[in-house]
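Geometric and topological summary
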Amino acid sequence: MKVVSLVPSITETLFDLGLTSNEIIGRTKFCIHPKEQVTDVEIIGGTKNLNIDKIKALKPDLIIANKEENVKEQVEELMKDFKVLVTNVETLEDNYYLIKQLGHLFGKEEKAQFYNLKTYESFDIPKPENKLKVAYLIWKDPYMTVGGDTFISRILEELGFENLFKDQKRYPEVRLKDLKEADFIFLSSEPFPFKEKHIAEIQDVCVDQKIMIVDGEAFSWYGSHLAKCGEYYRKLLEEIN
């Protein structure tokens, strides 16, 4: 089966399940894992700006998209000519069924079960005794955070944190003074590449908050990626405790 993946975390998952670049024939420019294998796969644009003509020329048997990451109109255009699987991952349970579904689809059930078990092990770690309030920033100018209906917020909860903006939807804009009720401010390494210099800027306003840069992939990449984050989560919680 020839597959085009429009989702970075799904591209990684397909390779982890055992598919090769003979089967995965198209990917986005953001599909960067596993680094040594994706280089052999044709780039078909970005997640939000697909090169439809390039995808059509590849003549895939299946295209895998995602409700959150891809543009509805572009996906619907591809549906006119190809079989498209549209995924939607909001919780760890959704993630379990995604991996299981992909394992069944490609005859990789054993590998899928392995990654699902490893994912649950990733979160089977000591959590903070008291729920710490976290403001998780994904963007600057304007500052943007995550609402309670996002995958990132669910991962924060799974790790024992409380999302300061859990009552808001999607990715609201915030001002620095809105973050003052947080115990911690997490600056994500993606999509905006927060650096150490940004900590000082925010600390000038949020003087009582502990501010740290966190691995954005560990909070936003689903699929098999979560199975590899156990050690990172453990060290993060140890540092906080």
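Residues numbered from 1 in each chain as written. Predicted model: local features only at pLDDT ≥ 70, side-chain atom pairs only at ≥ 80, totals over all residues. Heavy atoms only, no water.

Observations concerning the packing of aromatic side chains
Here is the rule we go by: For this analysis, a ring pair means two rings from Phe, Tyr or Trp (six-membered ring only for Trp) whose centres lie within 6.5 Å, classed as stacked if their planes differ by under 30 degrees, edge-to-face if by over 60, and tilted for the remaining angles. Under the scheme used here, helices are H or I runs from DSSP no shorter than 4 residues and strands are E runs no shorter than 2 residues, and both carry numbers assigned from the N terminus. Burial status follows relative accessibility: with a 1.4 Å probe on protein chains alone, a residue under 20% of its type maximum counts as buried, one over 50% as exposed, and anything between as partly exposed.
Tallying each qualifying case throughout the model produces 13 aromatic pairs. Seen in terms of ring centroids, Y96 and Y120 are 6.3 Å apart; in terms of plane orientation they differ by 50°. Their pairing is tilted. Taken together, the positions of Y96 in helix α5 (residues 92-105) and Y120 in helix α6 (residues 109-122) put the pair 24 residues apart, joining distant regions of the chain. The partly exposed category is assigned to Y96, whose relative accessible area is 23%. The class of Y120 is partly exposed, set by a relative accessible area of 42%. Taking 5.1 Å as the distance between ring centres and 80° as the angle between the ring planes, the aromatic pair formed by F114 and Y115 counts as edge-to-face. Exposure remark for F114: the relative accessible area of 43% places this residue in the partly exposed category. Aromatic rings pair up to connect F123, Y136, F161, F184, F186, F219, Y232 and Y233 into one cluster.

Remarks on the sheet that holds strand β5 (residues 84-87)
We count it as follows: When DSSP finds two or more bridges between two strands, those strands count as paired. Working rule for contacts: check all heavy atoms of both residues, and any pair within 4.5 Å makes them a contact. Between N-to-C directions, angles span 0 to 180 degrees; the directions come from axes that are lines fitted to C-alpha atoms, helices contributing only their stretch in contact.
Spatially, 5 strands are ordered β3-β2-β1-β4-β5 in an open sheet, and the strand pairing comes out parallel. Each of the sheet's edge strands pairs with one partner strand only, and the pair in question is β3 (42-43) and β5. In this sheet, β3 lies alongside strand β2 (residues 24-27) in parallel orientation, the contact comprising 2 bridges. For G26, the partnering residue across the bridge sits in β3 and is E42. Sitting on the sheet, helix α4 (residues 72-79) touches β4 (62-66) and β5, and the angle it makes with β5 is about 150°.

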